[in-house]
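Listed below are the residues making up each chain.
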Amino acid sequence: MPNEAVPKSAKASASPQTSHITRYAVPYFPGCALKDQAVGFERSARAALLRLGWELKELPRWNCCGTVYSLSTDDLMRHVAPVRNFIRVQEMGEERFVALCAMCYNTLKRSARFVAADLGRLSRINAFMDEEPDYRGGVEVLHLLQFLRDEIGFEEIESRVEKPLYGLKVAPYYGCMLLRPREVGIDHPDAPETMELLFEHLGAEAVNSPHKVECCGAYQTVANPGVVRERVREIVGAVARRDADLIVTSCPLCTYNLERHQLSITGEEKTRHGIPILYFTQLLGFALGVPEGELGLGGAAIDPRPALSQLVGG
Amino acid sequence: MVERIDGDALRVIRDAGMGSANPPSCVTRHPLRISSGEPDFVRRVEELSGEAVFACYQCGKCSAGCTFTSGMDLLPAEVMRLLQLGDERVLKSVSPWVCASCLACEVRCPKGVDIAKVMEALRLLDLRKGETGLRWREIPPGVPQIALVGATRKLTP
């Protein structure tokens, strides 16, 4: 089915990598985790998007977003890294880009708003980065979930599903950075439904878990791992009691915490017990018929393939 | 790492907070300039955070929704109350160091106070003196760079 709701900024592009016709491209910021610890996130996103006719066009010379947003009033330096990435988007002749990692999305989106709110801040940052062209403002930061929902559309995605996920019980885990603060959240901060709707359009059953918008502990896994372990016990425990087959996230740090601390609780490595953690792009790609080898499922600490193979068999 | 506040002192603080005869002087959503009678550190926290600590009316929603209170010696609302009272014991609290900036309090505060910013300001008071909240030798093996960068940005000078 042709996608009618195509923005003016979308550009036609041919891709030799797939038999599916790629008609559009959107700039894309990967971030550190997607090149290392979460390669399956990027691979599956690229493969799934190609099936939907979109190419993710990686920003040239992108740099670390800073991971966490500075919450102080006087710390302009922390906004230099995001602004430098916005300049890369500007150089591509584009006005927007998508991020996959929820932490990157949040940090970049908040910085974009921070410099847009006060031109004095922006001119000081521009003056500091005298080796770069000035950032003129106006670059829009999108999360891929937003892009799937608002631009491609879940109905369109449903029409492309090759392997419906009938019978699969999937618990979404939003965490913090997709939803808070309100002005950058992609959905309601306490009662989001974007992932639930996506899963249902893929044929799966969305499992409602009470802790889906709560923090996993994030970077406190470095300084206070005990506190994070307690969080994970609660989050995963509630999902397990609801008989979910999988937990789905959009954040490499959530994924790390939910996997590692589950394993430290059960004391097992590479176990088939425990609840596997998938990125939403891996679930999407699987339903769209992306070959398993392109989804990066083997990198997961808790193997999700047994849960998914029940679908293929049945 | 900062010391924990002992239990008796904490109870005194809690009692004082709950039954205060002096209600917050102002309930504006905007940062306010506080009087010169307030201790410097309170003014500094307001400057660094851009938040009005006297806007808090102690409803406790932040404390109720905070998922890290098991590791805290002061609940988020107690941190706010001690700041309002100008009580320096807030500067010794571990709570700002356990806060993960998840912003659950921020989206729920009925007075629009971004408590995560207040917590960051309290950390910065120490960090900008060169103190650190991260003991390098105790970092668990195998933590990914996303966690390390996040932690060093929040917990080291």
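Residues numbered from 1 in each chain as written. Chains lettered and ligands numbered in written order. Predicted model: local features only at pLDDT ≥ 70, side-chain atom pairs only at ≥ 80, totals over all residues. Heavy atoms only, no water.

Draft legend 1. Seen up close, the overall build of chain B. Along the backbone of chain B there are eight helices and zero strands. Counting from the amino terminus, chain B carries its helices and strands in the arrangement α-α-α-α-α-α-α-α. Each of the 157 residues in chain B was classed as buried or not, and the buried ones make up 54%. If you take every contact in chain B between residues at least 6 apart in sequence, the share linking residues at least 24 apart comes to 66%. (Helix = DSSP H or I, 4+ residues; strand = E, 2+ residues; numbered from the N terminus. Buried < 20%, exposed > 50% of the residue type's maximum accessible area, 1.4 Å probe, protein only. Contact = heavy atoms within 4.5 Å.)

Draft legend 2. Structural context of the confidence of the model for chain B. For chain B, the mean per-residue pLDDT works out to 84, and 77% of the residues sit at or above 70. For chain B, per-element mean pLDDT is lowest for helix α1 (residues 7–18) of chain B, which scores 44, and highest for helix α7 (residues 115–127) of chain B, which scores 98. (pLDDT = per-residue confidence, 0-100.)

Draft legend 3. Fine view of the interface of chain A and chain B. Listed per partner, the contact involves 41 residues of chain A and 44 residues of chain B. Interface of chain A and chain B: buried area, both sides summed, is about 3,500 Å²; carbon and sulfur atoms make up 62% of it. It is A:Leu71, A:Tyr219 and A:Val222 in chain A that bury the most area against chain B; as a group they hold 22% of the surface buried on that side. Between the two partners, chain A and chain B, sit two salt bridges. With a closest N to O distance of 2.7 Å, A:Asp74 and B:Arg128 form a salt bridge. (Buried area = accessible area lost by both parts, 1.4 Å probe. Salt bridge = Lys/Arg side-chain N within 4 Å of Asp/Glu carboxyl O.)

Draft legend 4. Expanded view of the sheet that holds strand β1 (residues 24–29) of chain A. Residues and elements named next belong to chain A. With parallel pairing, the four strands of this open sheet are ordered in space as β2-β1-β3-β4. Because the sheet does not close on itself, it has two edges, and the strands there are β2 (54–58) and β4 (140–143). In this sheet, neighbouring strand axes are inclined to one another by 45° on average, regardless of whether the strands run parallel or antiparallel. Two elements, β1 and strand β3 (residues 96–99), share two bridges in a ladder whose sense is parallel. In the strand pairing of β3, Tyr-28 is matched with Val-98. Strand contacts of helix α5 (residues 144–152): β1, β2, β3 and β4, with the helix running at about 95° to β4, the strand carrying the most contacts. (Pairing = 2+ DSSP bridges. Axes fitted to C-alpha atoms, helices over the stretch in contact; angles between N-to-C directions.)

Draft legend 5. Spatial organisation of the pairing of β2(A). All names here are of chain A. As paired elements, β1 and β2 share five bridges and run parallel to each other. Within β2, the position partnered with Ala-25 by the bridge is Glu-55. Crossover connection from β1 via helix α1 (residues 39–51) to parallel β2: handedness right-handed. (Right-handed = clockwise from strand over helix to strand, strands pointing away.)

Draft legend 6. Structural view of helix α4 (residues 119–128) of chain A. All names here are of chain A. Burial in α4 covers these residues: Leu-122, Ile-125 and Asn-126. Along the axis of α4, the buried residues cluster in a sector spanning 100°; they form a single face. What points out from α4, more than 90 degrees from its buried face, is the exposed set Arg-124 and Ala-127. Looking at the buried positions of α4, the neighbouring elements they touch are α2 (80–91) and α3 (102–116). Of the residues that open α4, the one with a side-chain oxygen 2.8 Å from the backbone nitrogen of Gly-120 is Asp-118. (Arc of directions from axis to C-beta. Polar contact = N/O pair within 3.5 Å; in protein donor to acceptor, adjacent residues only side chain to side chain.)

Draft legend 7. Main features of the side chain of B:Asp114. Here B:Asp114 shows up in the loop between α6 (104–108) and α7. Buried within the structure, B:Asp114 lacks any salt-bridge partner; its nearest side chain of opposite charge belongs to B:Lys117, at an N-O separation of 4.1 Å. Polar contacts involving the side chain of B:Asp114 include one to the main-chain amide nitrogen of B:Ala116, which spans 3.2 Å. When sequence neighbours within four positions are dropped, the list of residues in contact with B:Asp114 reads A:Arg110, B:Glu51, B:Leu103 and B:Glu106. (Lys, Arg positive; Asp, Glu negative; His and termini not counted.)

Draft legend 8. Fine view of the packing of aromatic side chains. Counting across every chain of the model gives eight aromatic pairs over all chains. Summarising the aromatic geometry, the rings of A:Phe86 and A:Tyr135 are spaced 5.4 Å apart at their centres and angled 45° between planes, so their arrangement reads as tilted. With A:Phe86 in helix α2 and A:Tyr135 in the loop between α4 and β4, this pair connects stretches of sequence that are 49 residues apart. Grouping residues by exposure puts A:Phe86 and A:Tyr135 together as buried. Every member of this aromatic cluster is reached through a ring pair, and the members are A:Phe29, A:Trp62, A:Phe86, A:Phe97 and A:Tyr135. We note A:Arg121 situated over the ring of A:Phe114; from NZ or CZ to the ring centre the distance is 3.9 Å. B:Lys111 extends its terminal NZ or CZ atom over the ring of B:Tyr57, reaching a point 4.8 Å from the ring centre. (Phe/Tyr/Trp six-rings, centres within 6.5 Å; stacked < 30°, edge-to-face > 60°. Lys NZ or Arg CZ within 6 Å of the ring centre and 35° of its normal.)

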